[in-house]
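Report on the structure
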Amino acid sequence: MNKTTNRIELSGLQKKFGSETVLTDVNLTVGAGEIVGLIGPSGAGKSTTINVMLGIERADGGQALILGQKMPNRKLLAEIGYMAQADALYDLLTARENLYFFGRMKGLSKAKLNEEIPHLAQLVDLTASLDKQVKNYSGGMKRRLSLAIALLGQPELIILDEPTVGIDPALRKKIWQELANLKAQGCSILVTTHVMSEAELTDRVALLFEGKIIAFDQPKNLEASYQVASIEQVFLKAEGEL
Amino acid sequence: MRTLVIAKRVISQILRDKRTLALVFIAPLLILWLLNTMFSANNDVTARIGTVAVDQKIAKQMKKVTGITLKAYDKKATAKKALADDKLDGVIVYDQAAKKYEVTYANLDVSKTALTKTALKSALTATTITNLKNVVQKQSQLLPIAPQKQAKTVKIVNHYNYGDADSNFFNKMAPILMGFFTFFFVFLISGMALLKERTSGTLARLLATPVKRSEIVYGYMLGYGLLALLQASLIAIVGIYLLNIEVVGSLLSVVAISVLFGFVALAFGILMSTFAASEFQLMQFIPIVVVPQIFFSGIIPLDSMVNWAQVIGKLLPLTYAGDALTAIIMQGASLVDVWYDIMILIIFLVVLVLLNVVGLKRYRKV
């Protein structure tokens, strides 16, 4: 169904809230089997960009093409895996029930979910706690469950908003390993992050400043063009030049 | 399909939240029980009256009135002192020279004052009639025509279409209060639950799936509707038995109206939670949109109010639920008789549900 090579194609995206302009000009592409990192200081417009991609917000200018179709588009949400910044989970339900519920909301059948849930639980290492109520989960377990929910239905495109915030280094490493596996299977991933060392692990990095993508390239190329040794320094230098 | 999955999820969440569940059912029971205790308190009025120079006949007549106790005083000053010391509720002084009764009331309890007034008046009337009778009898003896034998005393027999001689203001209030409690409790639970969905981010997360906005609203209405159904029925049935409310119409009709009203409250609670950013803000809606309903709902008859108050009353759902419940409970109306109220409540429900579906656009543009 999707002939375009780009799974995400944002062109000239603009968004205003009242008189405040949050996005002035956002251009971003995510190709098939590519991990793209979106980094920027808080308030730069990362969450707004994601909200426009999901159709939660409507762009005031430009357009957001997801899997070749224009957003907002409700039905298209079934094709996207999304992990929100906050763990939006039902505390009183078990992990299995949370997975089942969001799976059904995505339009997956009961049979398909019964097959998929044990597999996903294994993937995020929650098999033993699958039938525990989420209120008894640790912060890390909740993040892993959120990731598993994003992976329901094997989507071609996954959008992760700060997936590793508040997570210990071992788990962070594990999540990135999993993202690499997904990429190997042809999955496209857009990930926002505060952790600069994580940006090094992406195929391309977009730097978002004050509602504008000011640089978008492979980490190595960015480091070369800013003549620095790490993305963190690119970030600082870019911010200083503005 | 998704509607059912959402409803099922909501129900299993409710069932696991034991504390809330207990509160949902215990709180209204507690309130109803308290109401029962307060209103079934002995409300026979008594009045202690001091008399000064009051005629024996009058005093005798007054003593016949239930609740009245008399004590004769020699001096006005001692009686007044007793009144000031809260030993009396009123003092009646007869001024022989001016032929007038001077009454002083403590007036701390208006019902005691009223009782004293009535007792004095009826004693005076009774005495006057006795005096008249004597005069007539004496005169008739002088007349040539044979006098009729003693005229029969006229008797009054009271019949009550609703309730009995002990019916009071509370009987009028009870159906409206029942409606109000249904509204209040359902509003509270549904408003809080939805607010939690929003503040925890689960609603936003849910809207990142292809679920329709209407499916979410219907799912909530269905899931919490079960709770509203149980709660409204509980308030109606327990209310009627505990408060000993006589229901002329069918109990089933009372439950039906309560449940319909519970659904209106549910849709209203969901809508109000959209405008609240925190539990505290939702609480602030209670004095603004929930409590005022009770004043405009017919507890004080609406037609005696100023125009604007009548208009506001007509805009509030409790007015219609109260009207229907009163008609069924006190006048034995059937559901068909109160079709107008039912229709208006259904319109409220439909409009509120639609507003909720539109309101979710705040969280997702499609």
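Since the model is a prediction, treat every value here as computed from it, not as a measurement. (Residues numbered from 1 in each chain as written. Chains lettered and ligands numbered in written order. Predicted model: local features only at pLDDT ≥ 70, side-chain atom pairs only at ≥ 80, totals over all residues.)

1. Focus: the overall build of chain A
- Across its full length, chain A carries eight helices and ten strands.
- In terms of overall dimensions, chain A is globule-like: its C-alpha atoms have a radius of gyration of 18 Å, near the 18 Å expected for 242 residues.
- Seen through its C-alpha atoms, chain A measures out along the principal axes to roughly 50 × 35 × 35 Å.
- Out of the 242 residues in chain A, the part that is buried amounts to 45%.
- Taking the intrachain contacts of chain A between residues at least 6 apart in sequence as the baseline, contacts between residues at least 24 apart amount to 66%. (Helix = DSSP H or I, 4+ residues; strand = E, 2+ residues; numbered from the N terminus. Rg over C-alpha atoms; globule rule 2.2 N^0.38 Å. Buried ≥ 20, exposed ≤ 12 C-beta atoms within 10 Å, placed from the backbone. Contact = placed C-beta atoms within 7 Å.)

2. Section: the overall build of chain B
- Secondary structure assignment for chain B yields 14 helices and four strands.
- Each principal axis of the C-alpha atoms in chain B carries an extent, and together these give about 105 × 50 × 40 Å.
- Counting the 366 residues in chain B, one finds 34% classified as buried.
- Here the contacts in chain B between residues at least 6 apart in sequence split such that 73% fall between residues at least 24 apart.

3. Structural notes on the sheet that holds strand E4 (residues 100-105) of chain B
Residue and element names in this part refer to chain B.
- Sheet architecture is open: four strands sit in the order E2-E1-E3-E4, paired in mixed fashion. The sheet is open, and its two edges are formed by strand E2 (68-73) and E4, each paired on a single side. The mean angle between the axes of side-by-side strands here comes to 25°, regardless of whether they run parallel or antiparallel.
- Here six bridges tie strand E3 (residues 90-95) to E4, and the two strands are oriented antiparallel to one another. Note on E4: the bridge partner recorded for Val 93 is Glu 102.
- Sheet contacts for helix H3 (residues 56-63): strand E1 (47-52) and E2; angle to E2, the most-contacted strand, approximately 155°. (Pairing = 2+ DSSP bridges. Axes fitted to C-alpha atoms, helices over the stretch in contact; angles between N-to-C directions.)

4. Observations concerning the interface of chain B and chain A
- In this assembly, 22 residues from chain B lie in contact with 25 residues from chain A.
- For the side of chain B that touches chain A, the elements supplying multiple residues, two or more each, are helix H1 (2-16) and helix H7 (202-206) of chain B.
- When residues of the side of chain B that touches chain A are assigned to their parent elements, the largest contribution, six residues, is made by H1(B).
- Counted by class, the side of chain B that touches chain A contains nine nonpolar, six polar and seven charged residues. (Nonpolar A, V, L, I, M, F, W, Y, C, P; charged D, E, K, R; others polar.)

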